[in-house]
Number of protein chains: 2
Amino acid sequence: MTSAPSAAARLIAEIRFDGNGLVPCIAQQHDTGEVLMMAWMNAESVAETLSTGRVCYWSRSRQALWRKGETSGQQQRLVDLRLDCDGDTLLALVDQDGVACHTGRRNCFFRAIRDGAVTTIADPLVDPKALYGA
Amino acid sequence: MTSAPSAAARLIAEIRFDGNGLVPCIAQQHDTGEVLMMAWMNAESVAETLSTGRVCYWSRSRQALWRKGETSGQQQRLVDLRLDCDGDTLLALVDQDGVACHTGRRNCFFRAIRDGAVTTIADPLVDPKALYGA
């Protein structure tokens, strides 16, 4: 007799990972609605995120699990993980410690067109050197 | 003498499109913060979105420009288009007419784990047949 698949396994079975075994995951601050960042997950990082309650991505540049905040301390606690209609995008509602962006800004989406120019519309809240060392 | 590049051209020059010439774009309702959907854009759809003020994606399944709402009437008016820190994700703040999801739900992220099962957590607000015909 085999045991029933876990809820995590059932969710993972519904995800349509891309050809690299990855799915984009949007991180949104659960209470304010602020969209913090977008990163990628593989099946292992989805499973770890659900089991630990701490968001874990897959770093495409490092080709390794990326436990958000493992270096910077700026962790994301998972509040809810949602899958979209066609199964190819995740939305993680999170509680973000400090700042989500490696530049020290609260969120990563700080470039937009203003007065005909691509402009930085948010300032860092933290010096990145304080997050990652000089 | 050549004219200066447009703001749209300058933003597009900052985007790091993937190997297929695409970039993921998150659509967020500008006033409530609700994350509505995620879809893909190519350079042409970014340019059209900025020039018309109406969100235009690239349909990977149809391999064609996808003017959101062209069939369903559920258009997205662009409020602001933001690029993330490493240039590989867009966030579109939009004003969504009606519903964003082809299932008739307000947003696409309606599956989540509840009581150990993958559960539908939102109901359609509109019958999809009313949007797309029977």
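Predicted model, so just to flag it, every value in this text is computed and none were measured.

Definitions and limits used
- Residues numbered from 1 in each chain as written.
- Chains lettered and ligands numbered in written order.
- Predicted model: local features only at pLDDT ≥ 70, side-chain atom pairs only at ≥ 80, totals over all residues.
- Heavy atoms only, no water.
- Helix = DSSP H or I, 4+ residues; strand = E, 2+ residues; numbered from the N terminus.
- Contact = heavy atoms within 4.5 Å.
- Areas by Shrake-Rupley, 256 points an atom, 1.4 Å probe, with all protein chains shown as cover.
- Axes fitted to C-alpha atoms, helices over the stretch in contact; angles between N-to-C directions.
- Left-handed = near helix turned anticlockwise from the far one by under 90°.
- Buried < 20%, exposed > 50% of the residue type's maximum accessible area, 1.4 Å probe, protein only.
- Phe/Tyr/Trp six-rings, centres within 6.5 Å; stacked < 30°, edge-to-face > 60°.
- Lys NZ or Arg CZ within 6 Å of the ring centre and 35° of its normal.
- Core = buried A, V, L, I, M, F, W, Y, C linked by side-chain atoms within 4.5 Å.
- pLDDT = per-residue confidence, 0-100.

## What to know about the overall build of chain A
Move 1: Scanning chain A from terminus to terminus reveals three helices and eight strands.
Move 2: With the C-alpha coordinates of chain A rotated into their principal frame, the extents come out at 60 × 35 × 30 Å.
Move 3: Within chain A, counting contacts between residues at least 6 apart in sequence, those at least 24 apart form 41% of the total.
Move 4: Element-wise, carbon and sulfur atoms account for 48% of the exposed surface of chain A, whose accessible area totals about 6,300 Å².

## A word on the packing of helix 1 (residues 7-14) of chain B against helix 2 (residues 43-52) of chain B
Residues and elements named next belong to chain B.
Move 1: Here helix 1 crosses helix 2 at 145 degrees, and the two axes come no closer than 10 Å. Here helix 1 runs over helix 2; the crossing is right-handed. The residues of helix 2 that touch helix 1, namely those facing Ala8, Leu11 and Ile12, are Ala43, Val46, Ala47 and Leu50.

## Some points on unusual backbone geometry
Move 1: Positive phi values are uncommon outside glycine, yet Asp115 of chain A reaches one of about 50 degrees.
Move 2: With respect to the helices and strands, Asp115 of chain A occurs in the loop between strand 7 (111-114) and strand 8 (117-120).
Move 3: Look at Asp115 of chain A and you get exposed, because its relative accessible area is 84%.
Move 4: Backbone geometry at Gln63 of chain B places phi at a positive 50 degrees, although glycine is not the residue there.
Move 5: Here Gln63 of chain B falls in the exposed class, since its relative accessible area comes to 52%.

## Examining the packing of aromatic side chains
Residues and elements named next belong to chain A.
Move 1: Inspection of every chain in the model, using the stated rule, returns two aromatic pairs over all chains.
Move 2: Ring centres of Tyr57 and Trp66 lie 5.2 Å apart, and the angle between their planes is 45 degrees; this geometry places the pair in the tilted category.
Move 3: The partly exposed category is assigned to Trp66, whose relative accessible area is 26%.
Move 4: Its end group placed over the ring of Phe110, Arg105 keeps NZ or CZ at 4.0 Å from the ring centre.

## Let's talk about the nonpolar core
Move 1: In this structure, Ile26 and Leu90 of chain A together with Ile26 and Leu90 of chain B are the most contacted members of the largest nonpolar core, which totals 70 residues.
Move 2: The residues contacting Leu90 of chain B, other than those within four sequence positions of it, are Phe109 of chain A together with Ile15, Val23, Pro24, Cys25, Ile26, Met41, Val46, Leu81, Arg82 and Leu83 of chain B.

## Concerning the confidence of the model for chain A
Regions with low pLDDT carry predicted coordinates that are not meant to be interpreted in detail.
Move 1: Per-residue pLDDT for chain A has a mean of 96; in total, 97% of the residues score no lower than 70.
Move 2: In the predicted complex, the global pTM is 0.96; the interface-specific ipTM is 0.96.

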